[in-house]
Amino acid sequence: MTLDVYDDEGGAAAGGPPCPYVGILFECCGVYVRVYRRPEQKYYRGRCPKCLRAVRLRIGRDGTDARLFRAR
């Protein structure tokens, strides 16, 4: 299965600056996706492409170096 992600606000897909993203493994369906955010947002928000389970990752004050996460 291929998931095409497009930035409808003119980011990397339109030749603009790259959008920040994290990788999430949705354990509910065993699917990995990239979840993008707009630079002004303070969170990442995405859904499992199979069952549509929602996930929201808030960006903390101290942050983390991790780029891959699991949604259970």
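Residues numbered from 1 in each chain as written. Predicted model: local features only at pLDDT ≥ 70, side-chain atom pairs only at ≥ 80, totals over all residues. Heavy atoms only, no water.

Asker: Got a minute to help me understand the packing of aromatic side chains in this structure?
Answerer: The description of two aromatic rings rests on the distance between their centres and on the angle between their planes. Considering all chains together, one arrives at 1 aromatic pair under this definition. Summarising the aromatic geometry, the rings of Tyr21 and Tyr36 are spaced 5.4 Å apart at their centres and angled 45 degrees between planes, so their arrangement reads as tilted. With Tyr21 in strand β1 (residues 21–26) and Tyr36 in strand β2 (residues 31–36), this pair connects stretches of sequence that are 15 residues apart. Residue classification places Tyr36 among the partly exposed residues on the basis of a relative accessible area of 31%. Here the guanidinium or amino end of Arg56 rests over the ring plane of Tyr43, the centre of that ring lying 3.9 Å away. (Phe/Tyr/Trp six-rings, centres within 6.5 Å; stacked < 30°, edge-to-face > 60°. Helix = DSSP H or I, 4+ residues; strand = E, 2+ residues; numbered from the N terminus. Buried < 20%, exposed > 50% of the residue type's maximum accessible area, 1.4 Å probe, protein only. Lys NZ or Arg CZ within 6 Å of the ring centre and 35° of its normal.)

Asker: Even after reading the chapter, I still don't get the sheet that holds β1, so can you show me in this structure?
Answerer: Backbone hydrogen bonds hold the strands of a sheet together, and the pairing may be parallel or antiparallel. Here 3 strands make up an open sheet; going across it, the order is β2-β1-β5 and the pairing mixed. This sheet does not close on itself; its edge strands, each paired only once, are β2 and β5 (68–71). On average, each strand axis in the sheet is inclined to that of its neighbour by 30 degrees, with strand direction left out of account. With 4 bridges connecting them, β1 and β5 associate as parallel partners. By the bridge assignment, Leu25 is partnered in β5 with Arg70. (Pairing = 2+ DSSP bridges. Axes fitted to C-alpha atoms, helices over the stretch in contact; angles between N-to-C directions.)

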